[in-house]
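The chain contents come next:
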Amino acid sequence: MIEDSAMHDGWDYRAGRWDLGWVNRSVAVVVLQPDGSAKMTLCALKIWQVIHMRAASVDQDKRYAERWCAARLFPEVSTREGVERFR
């Protein structure tokens with residue numbers, strides 16, 4: 001993930017990919033693949049927690065990324081409350 005000083009919290013679409021930003025860094029990236037599936041990279045808090053996975057759609061990947069990142073970045077609140085912090 002690349003830090004970007006102009007990044008804001010929440011989803012941002014640019015350069016053909018969706019980035020989930022939190023505190024001026026990208027914690028999830030979702031890219032649509034030529035076959036219609038989506039490829040996701042998750043990186044929250046610890047470098048060894050980087051996960052690469054595929055899903056059937058961009059929307060499915062984005063929902064999974066929100067829940068995964070919320071659970072790791074905001075362990076003190078419920079997953080639903082954590083996801084709301086990204087929006």
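Residues numbered from 1 in each chain as written. Predicted model: local features only at pLDDT ≥ 70, side-chain atom pairs only at ≥ 80, totals over all residues. Heavy atoms only, no water.

Undergrad: I'd like to hear about the overall build of the protein, residue by residue, with values.
TA: Summing up its helical and strand segments, the protein has two helices and five strands in all. Reading the protein from its N terminus to its C terminus gives the helix and strand order β-β-β-β-β-α-α. Per-residue burial for the protein yields a buried fraction of 39% across its 87 residues. Contacts spanning at least 24 positions in sequence make up 27% of the contacts within the protein whose residues lie at least 6 apart. For the protein, the accessible area works out to roughly 5,300 Å², and carbon and sulfur atoms hold 53% of it. (Helix = DSSP H or I, 4+ residues; strand = E, 2+ residues; numbered from the N terminus. Buried < 20%, exposed > 50% of the residue type's maximum accessible area, 1.4 Å probe, protein only. Contact = heavy atoms within 4.5 Å. Areas by Shrake-Rupley, 256 points an atom, 1.4 Å probe, with all protein chains shown as cover.)

Undergrad: I'd love a proper account of the packing of aromatic side chains, names of residues and values included.
TA: Within this structure, the stated rule accounts for three aromatic pairs. Aromatic side chains Trp 22 and Phe 74 sit 5.6 Å apart centroid to centroid with 85° between the ring planes, which places their arrangement in the edge-to-face category. With Trp 22 in strand 2 (residues 17-22) and Phe 74 in the loop between helix 1 (58-73) and helix 2 (79-86), this pair connects stretches of sequence that are 52 residues apart. Ring centres of Phe 74 and Phe 86 lie 5.5 Å apart, and the angle between their planes is 55°; this geometry places the pair in the tilted category. Of this pair, Phe 74 sits in the loop between helix 1 and helix 2 while Phe 86 sits in helix 2; the two residues are twelve residues apart in sequence, bridging distant segments of the chain. With relative accessibility at 6%, the residue Phe 74 sits in the buried group. On the accessibility criterion, Phe 86 (3% relative accessible area) is buried. (Phe/Tyr/Trp six-rings, centres within 6.5 Å; stacked < 30°, edge-to-face > 60°.)

Undergrad: Give me the side chain of Lys 62: which residues, what numbers.
TA: When you line up the elements, Lys 62 lands in helix 1. Put simply, Lys 62 is tucked away with no salt bridge, and the nearest opposite charge, on Asp 59, sits 4.8 Å away. The residues touching Lys 62, leaving out its near neighbours within four places in the chain, are Trp 11, Trp 18 and Val 30. (Lys, Arg positive; Asp, Glu negative; His and termini not counted. Salt bridge = Lys/Arg side-chain N within 4 Å of Asp/Glu carboxyl O.)

Undergrad: Talk me through the pattern of salt bridges; I want residue IDs and the actual numbers.
TA: Per the stated rule, a full pass over the model turns up four salt bridges. Between Asp 12 and Arg 14 there is a salt bridge, with its nearest N and O atoms 3.2 Å apart. Residue class for Asp 12 comes out partly exposed when judged on its relative accessible area of 22%. Residues joined in a network through salt bridges with shared partners are Asp 12, Arg 14, Arg 17 and Asp 19.

Undergrad: Just give me the short version of the packing of helix 1 against helix 2, but keep the residues and values in it.
TA: In contact at an axis separation of 8 Å, helix 1 and helix 2 are set at 105° when each is read in the N-to-C sense. Judged by the angle between their axes, helix 1 and helix 2 are roughly perpendicular. Taking contact as the criterion, the partners of Glu 66, Arg 67, Cys 69, Ala 70 and Leu 73 in helix 1 are, on helix 2, Thr 79, Gly 82, Val 83 and Phe 86. Its residues assigned to classes, the contact of helix 1 with helix 2 comprises five nonpolar, two polar and two charged. (Axes fitted to C-alpha atoms, helices over the stretch in contact; angles between N-to-C directions. Parallel < 35°, antiparallel > 145°, perpendicular 65-115°, else oblique. Nonpolar A, V, L, I, M, F, W, Y, C, P; charged D, E, K, R; others polar.)

Remember, this is a structural readout, not a statement about activity or role.
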